[in-house]
Amino acid sequence: MNFGRSIRINKCGFVILGVLLIGALYYLWSGGSSSSASYAFSKNPNEINLRKLLIGSIQAAQHGGFEVVAVSKSRDLHEQSKGKTREGANNPVTDADYRSNCVMKNGLLRIFPKLRLISEEDDQQERCADVQLFDLDPTVLHETASVPDERINIEDVAVWIDPLDATQEFTERLHEYVTTMVCVTVKGVPTIGIIHNPFTMKTTWAWRDRALSESLANVKHEADVKHPTIIVSRSHAGAVKEQSKQIFGENAQVITAGGAGFKVLQVIQNNATAYLHTTHIKKWDICAGDAILAAVGGKMTDLHNDHIDYLDGQPLNPNGLLATALAATHEAYIKRIMESPFLKH
């Protein structure tokens, strides 16, 4: 009798233990854990959670930035040249580009294995052996707490990565121009953009029609087409300065800067009324800025007033760009550009 009772008690204990174990597994499976795998998990493996991708993309830009700063402190950047740009400027690459790319790309792929990623330094994976990847951290930015989950088909998503924008300026220690950038496109539309300056630790991000970082929330823009301040690339400033005067008149102020991400931020921060680029430019340089501008009511197009195509996956945008913080300003400026003689050459 006593022996039988002890057997029944042990069976009951196993049942209780089993129920507790199943409950714990369900909690982890449904997202209760803060680990990367459970946090990014979706019941449908063909879906992706855009809120979690936003957080992961912010982390990717920031952790890529850590690598950029670390390399900047070394004596040798291991600078190489990819050749010359069409404007004749040197197109350098450094260890910072490669290490940042390793962290950003491989970190996102570890969390979202089916994600389609397009990066400037895709051909250098052999350099990734000793970089430290990151885990998805839902507490990384409290601003996202009020942003609801949104799941979409992962086949509609592509992520463009620029692991170090303004490499030339980086080699010259002009760190104010340097950024790391991530852009999430949905069916080819720039939807989430992150621009991070590793040296100031300032991260600017936006999710179109959903949420903005604090640095964007209170920025106001006013259309001023009579006093153009045009920001252009310092790598071929002479030609663009002349073209800007030709398009906008002798009273136009032209300022130069490095880095497409930096120049977009100057437009958003009212330090310039437009960012003008008159030659080809790579899409990983401009996608994040395109998304952020759209989120704040601005606009970026090529110089024929066509939206830039990210759906084809081709890295080159051959027709320049005009970026403004207000759609009305863009409309007025693009009209001047399309009427100007230099577009007809």
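So, how was this worked out
- Residues numbered from 1 in each chain as written.
- Predicted model: local features only at pLDDT ≥ 70, side-chain atom pairs only at ≥ 80, totals over all residues.
- Heavy atoms only, no water.
- Helix = DSSP H or I, 4+ residues; strand = E, 2+ residues; numbered from the N terminus.
- Expected span 1.5 Å × (residues − 1).
- Buried < 20%, exposed > 50% of the residue type's maximum accessible area, 1.4 Å probe, protein only.
- Polar contact = N/O pair within 3.5 Å; in protein donor to acceptor, adjacent residues only side chain to side chain.
- Pairing = 2+ DSSP bridges.
- Axes fitted to C-alpha atoms, helices over the stretch in contact; angles between N-to-C directions.
- Contact = heavy atoms within 4.5 Å.
- Salt bridge = Lys/Arg side-chain N within 4 Å of Asp/Glu carboxyl O.

This next bit is on helix α4 (residues 95-111). With 17 residues, α4 extends 24 Å from end C-alpha to end C-alpha; this agrees with the ideal 24 Å at 1.5 Å per step. The element α4 is largely enclosed, with a buried count of 14 among its 17 residues. One side-chain oxygen at the N-terminal end of α4 lies 3.1 Å from the backbone nitrogen of Ala96; it belongs to Thr94.

As a further point, take the sheet that holds strand β13 (residues 274-277). Spatial ordering of the open sheet is given by β12-β11-β13-β17-β15, a layout of five strands whose pairing is mixed. In the strand order of this sheet, the two ends are held by β12 (253-257) and β15 (299-301), each with one partner. Looking at each pair of strands side by side, their axes are set apart by 20° on average, direction ignored. Where β13 lies against strand β17 (residues 321-324), three bridges are found, and the strand directions are antiparallel.

Let us look at the side chain of Thr94. With respect to the helices, strands and loops of the structure, Thr94 is situated in the loop between β3 (90-93) and α4. Here Thr94 falls in the buried class, since its relative accessible area comes to 0%. One polar contact links the side chain of Thr94 to the main-chain amide nitrogen of Ala96, over a distance of 3.1 Å. Within the local environment of Thr94, its side chain forms a polar contact with the side chain of Asp97, the two groups lying 2.8 Å apart. Once residues lying within four places of it in the same chain are set aside, the contact partners of Thr94 are Leu77, His78, Glu79, Leu164, Thr167, Phe170 and Thr171.

Okay, the sheet that holds strand β7 (residues 179-186) next. The mixed open sheet is built from six strands, whose spatial order is β4-β6-β7-β8-β9-β10. Each of the sheet's edge strands pairs with one partner strand only, and the pair in question is β4 (117-119) and β10 (211-212). Bridging between strand β9 (residues 202-207) and β10 involves two bridges; their strand directions are antiparallel. Along β10, the bridge assignment pairs Ala206 with Leu212. Packed onto the sheet, helix α3 (residues 50-72) meets β6 (157-165), β7, β8 (189-197) and β9 and runs at close to 160° relative to β7. On the sheet, helix α8 (residues 260-268) packs against β6, β7, β8 and β9 and is oriented at approximately 80° with respect to β7.

This structure, assessed with the given rule, holds seven salt bridges. Residue Asp135 pairs with Arg110 through a salt bridge whose shortest N-O separation is 2.9 Å. In this pair, Asp135 sits in the loop between β4 and β5 (151-153) while Arg110 sits in helix α4, placing the two residues 25 residues apart along the sequence. The partner of Asp312 in a salt bridge is Lys283, and the shortest N-O contact between them spans 2.9 Å. Here Asp312 is found in the loop between β15 and β16 (316-317), whereas its partner Lys283 is found in helix α9 (residues 283-295), with 29 residues between them in sequence. A cluster of three or more residues bridged by salt bridges with shared partners is formed by Glu67, Arg99 and Asp130.

Moving on, we come to the pairing of β7. With eight of eight residues buried, β7 is to be regarded as a mostly interior element. Side-chain alternation along β7 places Thr179, Met181, Cys183 and Thr185 on one buried face and Thr180, Val182, Val184 and Val186 on a second face that is also buried. One ladder, built from seven bridges, connects β6 with β7; its direction is antiparallel. Residue pairing in the sheet places Val157 in a bridge with Val186 of β7. In this structure, β7 lies alongside β8, joined through seven bridges in antiparallel fashion. Note on β8: the bridge partner recorded for Thr180 is His196.

Examined against the element boundaries, Thr171 turns out to sit in helix α5 (residues 167-171). Overall, Thr171 belongs to the buried group, its relative accessible area being 19%. Within polar-contact distance, the side chain of Thr171 engages the backbone oxygen of Gln168 at 2.6 Å. When neighbours within four sequence positions are excluded, Thr171 is seen to be in contact with Leu77, Glu79 and Thr94.

Here we take up the pairing of strand β11 (residues 229-233). Among the five residues of β11, five are classified as buried, and the element is accordingly described as predominantly covered. When β11 meets β12, the two strands line up parallel, connected through five bridges. Residue pairing for β12: Ser233 is matched across the bridge by Ala257. The sheet contact formed by β11 and β13 spans two bridges and is parallel. When the sheet's bridge partners are listed, Ile230 is paired in β13 with Ala274.

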